[in-house]
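Breakdown of the fold
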Amino acid sequence: MPKKIINKLRIKRKAAPKTSQTVFTPPGTISYVGVHREGEVVTETIAYGPEHYEKHDKIVYSLPNDYVKWYNLDGIHDIEKLKKIGKRFDIHPLLLEDVANTTQRPKTEFYPNYVFQCIKMISYDEKDHDIEQEQVSIILNEHEVVTFQEQTGDVFGSVRSRIENNHGRIRTSDSDYLFYALIDSVLDHYFIAIEKIGDYLDVLEDEIFNDPEKESLNKVQNNKRVLINLRRSVYPLRESISRLLKEESRFLQPQTKAYFQDAYDHCIQIIETIESYREINTGLKDMYLSSVSHKMNQIMQVLTIISSIFIPMTFLAGIYGMNFEHIPELTWEHGYMYFWIICAVMFVGLIVFFKFKKWL
Amino acid sequence: MPKKIINKLRIKRKAAPKTSQTVFTPPGTISYVGVHREGEVVTETIAYGPEHYEKHDKIVYSLPNDYVKWYNLDGIHDIEKLKKIGKRFDIHPLLLEDVANTTQRPKTEFYPNYVFQCIKMISYDEKDHDIEQEQVSIILNEHEVVTFQEQTGDVFGSVRSRIENNHGRIRTSDSDYLFYALIDSVLDHYFIAIEKIGDYLDVLEDEIFNDPEKESLNKVQNNKRVLINLRRSVYPLRESISRLLKEESRFLQPQTKAYFQDAYDHCIQIIETIESYREINTGLKDMYLSSVSHKMNQIMQVLTIISSIFIPMTFLAGIYGMNFEHIPELTWEHGYMYFWIICAVMFVGLIVFFKFKKWL
Amino acid sequence: MPKKIINKLRIKRKAAPKTSQTVFTPPGTISYVGVHREGEVVTETIAYGPEHYEKHDKIVYSLPNDYVKWYNLDGIHDIEKLKKIGKRFDIHPLLLEDVANTTQRPKTEFYPNYVFQCIKMISYDEKDHDIEQEQVSIILNEHEVVTFQEQTGDVFGSVRSRIENNHGRIRTSDSDYLFYALIDSVLDHYFIAIEKIGDYLDVLEDEIFNDPEKESLNKVQNNKRVLINLRRSVYPLRESISRLLKEESRFLQPQTKAYFQDAYDHCIQIIETIESYREINTGLKDMYLSSVSHKMNQIMQVLTIISSIFIPMTFLAGIYGMNFEHIPELTWEHGYMYFWIICAVMFVGLIVFFKFKKWL
Amino acid sequence: MPKKIINKLRIKRKAAPKTSQTVFTPPGTISYVGVHREGEVVTETIAYGPEHYEKHDKIVYSLPNDYVKWYNLDGIHDIEKLKKIGKRFDIHPLLLEDVANTTQRPKTEFYPNYVFQCIKMISYDEKDHDIEQEQVSIILNEHEVVTFQEQTGDVFGSVRSRIENNHGRIRTSDSDYLFYALIDSVLDHYFIAIEKIGDYLDVLEDEIFNDPEKESLNKVQNNKRVLINLRRSVYPLRESISRLLKEESRFLQPQTKAYFQDAYDHCIQIIETIESYREINTGLKDMYLSSVSHKMNQIMQVLTIISSIFIPMTFLAGIYGMNFEHIPELTWEHGYMYFWIICAVMFVGLIVFFKFKKWL
Amino acid sequence: MPKKIINKLRIKRKAAPKTSQTVFTPPGTISYVGVHREGEVVTETIAYGPEHYEKHDKIVYSLPNDYVKWYNLDGIHDIEKLKKIGKRFDIHPLLLEDVANTTQRPKTEFYPNYVFQCIKMISYDEKDHDIEQEQVSIILNEHEVVTFQEQTGDVFGSVRSRIENNHGRIRTSDSDYLFYALIDSVLDHYFIAIEKIGDYLDVLEDEIFNDPEKESLNKVQNNKRVLINLRRSVYPLRESISRLLKEESRFLQPQTKAYFQDAYDHCIQIIETIESYREINTGLKDMYLSSVSHKMNQIMQVLTIISSIFIPMTFLAGIYGMNFEHIPELTWEHGYMYFWIICAVMFVGLIVFFKFKKWL
Ligand SMILES: [Mg+2]
Ligand SMILES: [Mg+2]
Ligand SMILES: [Mg+2]
Ligand SMILES: [Mg+2]
Ligand SMILES: [Mg+2]
Ligand SMILES: [Mg+2]
Ligand SMILES: [Mg+2]
Ligand SMILES: [Mg+2]
Ligand SMILES: [Mg+2]
Ligand SMILES: [Mg+2]
Ligand SMILES: [Mg+2]
Ligand SMILES: [Mg+2]
Ligand SMILES: [Mg+2]
Ligand SMILES: [Mg+2]
Ligand SMILES: [Mg+2]
Ligand SMILES: [Mg+2]
Ligand SMILES: [Mg+2]
Ligand SMILES: [Mg+2]
Ligand SMILES: [Mg+2]
Ligand SMILES: [Mg+2]
Ligand SMILES: [Mg+2]
Ligand SMILES: [Mg+2]
Ligand SMILES: [Mg+2]
Ligand SMILES: [Mg+2]
Ligand SMILES: [Mg+2]
Ligand SMILES: [Mg+2]
Ligand SMILES: [Mg+2]
Ligand SMILES: [Mg+2]
Ligand SMILES: [Mg+2]
Ligand SMILES: [Mg+2]
Ligand SMILES: [Mg+2]
């Protein structure tokens, strides 16, 4: 591999979350299903208007009504905090259960008091050459957006800076545009991850063609798993955005539709790229198997050439090593030379045969 | 296999039920199609209200009308008992036939006096590392739920305890919530089983990559069978829950819809996981075939290296074992040493060649 | 194969019928397309009511109007007879052409004077372990059912006995229930055939895993053909029954709908089982290929082990068989013993190497 | 191959037509896209009524209005003739472009003055064992049908003879029945071609099973190409006939619908057969690969058996060919006999081992 | 390869464009995503009417209103120019972002002031035997068409010459016909590229069958990538044209619909051809694997034949090379001749055996 693009392709998670622990609780019981995590939950409030911007390192509800407020919470393992927020925004217990369940399938739900969006955030880690996945749940209501994340760190940096620096139309728009901007930012990072995967597939294709190793097929199988995983994140997202486009909600304004249409477009493009990569990855498997067969052919050729040349000549040498009392050739004056001549003829004949067979 | 997760993956059944025995009976004839079973049928009645809870080890019909009553019957091989219950709840003979047929496809039917649900219950046996399947038929009417099971033992323990201990909203809800809670509990156990299968696929992937044995592909084929079987249990269930969401029935109250929506969500997630596992399992087959090819390559390399080195040298030794009267080399003073030098040169040359070919 | 379940799986037909002979006739020309058959056509009339039952070995039209009449004709090669019946029941020439064409695709057609059903009857022959297929065309009108079969013998024995012995509700129902009962009986025999195929696949799986023979893959290919054939018989049947459920016809009474719903259910179950078997059969092909590869590996291991052990030792023996005048070892006192010691060391070394490689 | 059914399966065309030459002409420019052809265009007019029949070897427009007229033109390379006919029947330039383009996809178009049908005619050549394809475009208006063919020779012989000899209902029907009869005749010849392909697949299956040659897989690939080609001809035809059944046109009379329904039926059956053959053909590929693997196994067995038997014994002979001064066995009285006994024991032991391994 | 049709099949691009650079900009920010390019943007204005034609090497807005104006811009890397044109035609910032993004998926959007079409232009380079792809965005409004291209050079030569020389109906039609003519021209060049790919697949099939090289499967994998790429360009185009046919827009006149219908037809045909080629390409992969297996079989046959003949005879020679004191055969008068007779018998026997096995 000339350049390190991606370590063995995988979605990085410290441990697989276990859903089974929630089996014996009643529906609507909020229990954290995710990678074990301890420590403080990090919260943040950003409030802005066309002429205004402020930021707090905690949840602040007491802000003027005409500002757009973005409440962000990193860490959904703190069930009590979840419940308190759930109460403030009147979130249905079944939805809070979904927020705390990091294995939740992406989906959109329209409730009278809010729109709920679950989405899988993908980010490419430039340093470790790794792809990471994190679930974000978003609540949209009038002038307010709430985001729930699994871990600290997200892909919303450019959104924050556009708000702070008043870039684009975000400061002059309402909370639905912020809602869109977050989804758009998630989709943009899918593009980055997918571009890296595309580069990785190219490098792996060269590796498999030139020097297939046992590990190569393991990589192909890993790619398969990752692409299945990504597909399972994006397919439901397309459905979600399609619903955001079609269904009526008082929190989604008509002028934002063009933006969701653009996001829908990107979503389709991501899906098509993933499907292409799945097919290309299947092709890598075929290339691997054929490279291995090809190598076996080469090994067999070497064995066959050497055996075919020397086994008959060894037989000839064996004959004149016999101890019969009367072997006339042994007493010929040039017997030994004739032996070498016969060997040379056989050798040349076989070489010509193998040249003809294109084995040499 | 470092840790025992699952014995050879299979749906455990003592024997395959035979449908053919029902061929010569008229439609609507109730005949038990299932694993042979003898002995008493176990029955149970649980009745509850917001302030009330009682439990009986038999079917008790004479309970107050405003209680929610859950009648459970373990053992559908007793046709007479089935018929008696069928009469009490006015169940159509064709449905009773389905109750007694353990090969029935999951389905929902809306009748004027009840809703009928057939479902496949999956449970993971922690002790035997085995997955078991059992058919449950559920009848829902006003304030009453009837469940018909094949065997003693089920996945409804948490429902029973929530009723007894008044956890969640079950005691304050009507029979349709109980109906939902049973389906939800079945779905929760699908998640457990599927999680175990996922772990098993990981272990099997390592086994196949590191040390593929003949048995490995048999395991892959068994996985295929189990995943086909699970898919056949869950796909119709999605359709069932979708109908429970969409069709009108006086036994299903509007406020329960949000719960069925959640169950539908889980059902989709189970289906998507099964489909992913099917693809991963197909990948295991490819890995197996390539691991076997890789092993063959290694074997061939050893054979080729040893043959290629020793066959030519044996020929050389054969030459100087010949009995020609005039072989000048034999009389040279350092002939024997020269022989060894030639052998060493050939040996080193071939080793270099194999190093170059990356066979060593 | 421990037990004979099925001879080489195939749909038994004496010869493939040729459709090409009908090319030069105008549409609506009735010409027999089927396995060549001579001899009399066997006919039968069964007439019944709640209190009445009679049976005749010929077609009898002069029976009381309020009886349900079932006219059965075994042998559609007698075009004249077909035409006469066609005239009596006013059957469209294009439909009569379909009746006589045993390659007709299953279908339902609604005409003002009758409902037409074409269906493929499958029966498992217990004696020959064979699956047979035969086309049945059914005409339903008020109080009358006509069945056209290719050959003597059918799967309607249980229907006949239920009529004769007044089992179930058949005697108290009209001709549409008889129509249903015939279709139900055909479906029941699909279940039997499919159960046998399932057992056969299990046996074949064991055979392929334990002792793959060249014939095995031929069996897999035959299974593929049979399952394709069955699928082509059942898929259109689902569509047919769905139309019988949905379309209005004065010959189909509302109370029979529940029965057709049940038949539809069974049809879906048959289709799903066939699809499962097709996937399992594909898995058998993979197992076969991998079993063959595994066997090749074992053969190569034996060859490599024996060659690797003896070829170097043969070289060593060759050296001391050389006739150089000065080979010091030959004159050593324990030379021969040293030779054996070296051989033993090489032998043990290689055995250890092969143990390490897990080839032994 | 016991009997010649089909030469290497292919759709016979003298040369691939090139569409690229039409790139630089405006849309609606009529240019011949097809196999190069020179010489006269053959034309023919058949006019008939219930009591009337006449035939001319040229296009005759001046025939009584109440006759049905069929104008046939063999040769669409004469653009001027096409344009003249196009003008007489008021055909849209884009449709005339399609008539002259032999790579046009089958389709139906409804215009106010006519119905346009493009169809691919398949014919099996009994003499050369070949399948030929030719495009026919059909124009239907009141009392008139025009057919445009690529080459002389078609599959309409039976239609012509039915008109001439007044067979069936064609003489008493209008031009829409003639239109149907032509399509029906094309479909009938698909059945013949498909039957031949089915027979060919059977023969090829036996060839691959018993004696796979390198050429065999080439045949399988050719079948794949032909079946793809046929599918591409018939799938759009189903759509076409479906439109002829559903859309209103004053040129299609209600009583002809039953006939188009029958044609639709046949079309579905052809499609299903082609799909089955595609699956069976895929199975042939698998059989070929496994037959080749099986043959390799047999070759390896022979090599392994002979090597395993003789290499160790050759080592033994090598030992006693050594020239050590003190090899005690050489001086034993029965040494040579003991040598043979050891060889015999080794021989028998290995034979037993190979019998046990089922390699012998 | 007898004739050079296509160099290793690939879509030629100097470098893969990177979408990731657009991540940190707000939606609607126009940033060039494409192969790096410097230098002047080339612009062109063509204006025409039935009696008029003029051409300018720059954008000229001040032309009479009743002319049809075609503004062409080669080079979308100049963001300022894009913005200026965007302003003149009132193009939405999100669409301008798509114009500058060469990875945009083909699509059609209807805005009140214009119709937007993104399309992928394919051209076959006769000189380099290469296929090139370029994105074109088209804006249609009343009497005006704007085209945005990535690079200089396009497939619109025939459209330009038809305008200049007044061929066909383009000069007498409005801007919607020009819009159609551009799309039609793009589709025509797809046909050329696809024809070349078809020829290339034929040549590659012969290469793989006759002389499979390691490079061959790489070519097959490249074909797969190209066909996936083409499919991703054409599938959305079908959807686009279908929308142009169905949706109302004041810029699309009814009489142009027949032309878009024809384009739709061509689009379907291109898609079907691509799908066929994908299947044929998959067949090539199977042929390659089987050709490689076949070659291995031949190698193994040579090895086995030579080993089987000479190894036993070498053993025989070894026996009579032993130094036992009493080997009676050595003293026989014709011992040496008998040895040769035995060898000849063994040789002939093995040759007969291999002939019987069809290995010779
Ligand atoms: Mg729970
Ligand atoms: Mg729950
Ligand atoms: Mg985070
Ligand atoms: Mg974006
Ligand atoms: Mg590459
Ligand atoms: Mg966009
Ligand atoms: Mg029955
Ligand atoms: Mg029944
Ligand atoms: Mg139970
Ligand atoms: Mg649950
Ligand atoms: Mg792993
Ligand atoms: Mg949930
Ligand atoms: Mg006919
Ligand atoms: Mg006909
Ligand atoms: Mg018919
Ligand atoms: Mg019969
Ligand atoms: Mg039944
Ligand atoms: Mg088994
Ligand atoms: Mg039933
Ligand atoms: Mg043109
Ligand atoms: Mg054109
Ligand atoms: Mg012709
Ligand atoms: Mg016909
Ligand atoms: Mg056969
Ligand atoms: Mg951006
Ligand atoms: Mg953006
Ligand atoms: Mg350009
Ligand atoms: Mg065109
Ligand atoms: Mg070819
Ligand atoms: Mg056209
Ligand atoms: Mg192989």
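About the cut-offs
Residues numbered from 1 in each chain as written. Chains lettered and ligands numbered in written order. Predicted model: local features only at pLDDT ≥ 70, side-chain atom pairs only at ≥ 80, totals over all residues. Heavy atoms only, no water. UniProt positions renumbered as here; feature names shortened; annotations may be inferred. Helix = DSSP H or I, 4+ residues; strand = E, 2+ residues; numbered from the N terminus. Rg over C-alpha atoms; globule rule 2.2 N^0.38 Å. Buried < 20%, exposed > 50% of the residue type's maximum accessible area, 1.4 Å probe, protein only. Contact = heavy atoms within 4.5 Å. Areas by Shrake-Rupley, 256 points an atom, 1.4 Å probe, with all protein chains shown as cover. Lys, Arg positive; Asp, Glu negative; His and termini not counted. Charge placed at Lys NZ, Arg CZ, Asp CG, Glu CD. Least-squares fit on C-alpha atoms with pLDDT ≥ 70 in both. Buried area = accessible area lost by both parts, 1.4 Å probe. Salt bridge = Lys/Arg side-chain N within 4 Å of Asp/Glu carboxyl O. Polar contact = N/O pair within 3.5 Å; in protein donor to acceptor, adjacent residues only side chain to side chain. Nonpolar A, V, L, I, M, F, W, Y, C, P; charged D, E, K, R; others polar. Axes fitted to C-alpha atoms, helices over the stretch in contact; angles between N-to-C directions. Parallel < 35°, antiparallel > 145°, perpendicular 65-115°, else oblique. Left-handed = near helix turned anticlockwise from the far one by under 90°. Arc of directions from axis to C-beta. Pairing = 2+ DSSP bridges.

The name given to chain A in an unreviewed UniProt entry is Magnesium transport protein CorA, with Nonlabens tegetincola as the source organism. The record held by UniProt for chain A lists under Sequence similarities (unreviewed entry) the comment "Belongs to the CorA metal ion transporter (MIT) (TC 1.A.35) family." In the Function (unreviewed entry) part of its UniProt record, chain A is described as follows: "Mediates influx of magnesium ions."

Turning our attention to the overall build of chain A. Secondary structure assignment for chain A yields seven helices and eight strands. In terms of C-alpha radius of gyration, chain A reaches 34 Å, well past the compact-globule figure of 21 Å for 360 residues. Overall, the C-alpha framework of chain A stretches about 120 × 45 × 35 Å when taken along its three principal axes. In chain A, which comprises 360 residues, the share counted as buried stands at 63%. Put simply, of all contacts in chain A between residues at least 6 apart along the chain, 66% involve residues at least 24 apart. Taken as a whole, chain A presents about 14100 Å² of accessible surface, with 53% of it coming from carbon and sulfur. Positive and negative side-chain charges in chain A, numbering 43 and 50 respectively, have mean positions lying 3 Å apart.

Take chain A, turn it by 72°, move it 0.1 Å along the axis, and it overlays chain E with an RMSD of 0.1 Å. Taken together, the rotation and translation describe the operation of a five-fold axis. Taking C-alpha positions as reference, the residue of chain A nearest the rotation axis is A:Gly321, located at 4.6 Å.

Let us now look at the interface of chain C and chain B. Between chain C and chain B, the residue contacts involve 69 residues of the former and 61 residues of the latter. At the boundary of chain C with chain B, total buried surface from both sides reaches about 5800 Å², with 60% on carbon and sulfur atoms. Among the residues of chain C in contact with chain B, C:Phe209, C:Phe315 and C:Phe324 are the three that bury the most area, contributing 12% of the side total. Joining chain C to chain B, the criterion identifies nine salt bridges. Counting every contact that joins chain C to chain B gives 22 residue pairs in polar contact (both at pLDDT 80 or more). Looking at the side of chain C that touches chain B, the elements that each hand over two or more residues are α3 (157-164), α4 (175-210), α6 (257-319) and α7 (335-356) of chain C. Examining the composition of the side of chain C that touches chain B, we find that 35 residues originate from one element, α6(C), more than from any other. Of the residues in the side of chain C that touches chain B, the class split is 28 nonpolar, 25 polar and 16 charged.

Quick look at the UniProt feature "transmembrane region" (unreviewed entry) in chain A now. Cross-referencing UniProt, the feature "transmembrane region" (unreviewed entry) maps to residues 302-323 and 335-354 of chain A in the present numbering. Segment residues 335-354 of chain A splits into 100% helix and 0% strand. End C-alpha atoms: 29 Å apart.

The subject of this paragraph is the packing of helix α6 (residues 257-319) of chain D against helix α8 (residues 335-356) of chain D. All names here are of chain D. Axis separation between α6 and α8 bottoms out at 10 Å; the angle between their running directions is 160°. With respect to each other, α6 and α8 are oriented roughly antiparallel. The two elements α6 and α8 cross, and the hand of that crossing is right-handed. Across from Thr304, Ile305, Ser308, Ile309, Pro312, Met313, Leu316 and Ala317 in α6, the residues of α8 making contact are Phe339, Ile342, Cys343, Met346, Phe347, Leu350, Ile351 and Phe354.

So, on to unusual backbone geometry. Of note, the phi angle at C:Asn166 is positive, near 55°, even though the residue is not glycine. Within the secondary structure layout, C:Asn166 lies in the loop between α3 and α4. In this model, D:Lys358 sits at a positive phi of 65°, which is unusual for a non-glycine residue. Residue classification places D:Lys358 among the exposed positions, given a relative accessible area of 56%.

All names here are of chain B. Those residues of helix α1 (residues 79-88) lying buried are Ile79, Leu82, Ile85 and Gly86. What you see down the axis of α1 is that its buried residues fit within an arc of 125°, all on one side. Exposed side chains of α1 directed beyond 90 degrees from the buried face belong to Glu80, Lys84 and Lys87. Backbone geometry just after α1 places Asp90 at a positive phi near 60°.

A word on the pattern of salt bridges. Going through the model one piece at a time under the given rule, you end up with 107 salt bridges over all chains. With its nearest N and O atoms 2.8 Å apart, the salt bridge here joins B:Lys107 to B:Asp98. Residue B:Asp98 is classed as buried on the basis of its relative accessible area, which comes to 2%. Among the salt bridges present, the one from D:Glu109 reaches D:Lys107, with a minimum N-O distance of 2.9 Å. Neither D:Glu109 nor D:Lys107 differs from the other in exposure class; each is buried. A single salt-bridge network, built from bridges that share partners, covers A:Lys285, A:Asp286, B:Lys285, B:Asp286, C:Lys285, C:Asp286, D:Lys285, D:Asp286, E:Lys285 and E:Asp286.

Turning to the pairing of strand β3 (residues 52-56) of chain C, a few remarks are in order. All names here are of chain C. Pairing geometry for strand β2 (residues 42-49) and β3, over five bridges, is antiparallel. Among the inter-strand pairings, Ala47 is bridged to a residue of β3, identified as Glu54. If you look at the hairpin formed by β2 and β3, you'll find two residues sitting between the two strands.

For the pair helix α6 (residues 257-319) of chain B and α6(C), the least separation of the axes is 8 Å and the interaxial angle reads 20°. Taken together, the axis directions place α6(B) and α6(C) in an arrangement best described as roughly parallel. Once α6(B) is placed against α6(C), the crossing between them reads as left-handed.

With respect to the secondary-structure elements, B:Tyr264 resides in helix α6. As for B:Tyr264 and B:Asp98, which are separated by 166 residues in sequence, their C-alpha atoms are 24 Å apart.

Moving on, we get to the arrangement of the chains. Contact between chain A and chain C is absent, and the minimum C-alpha spacing across the pair is 9 Å. As for chain D relative to chain A, no contact occurs, and the smallest C-alpha gap between them is 9 Å.

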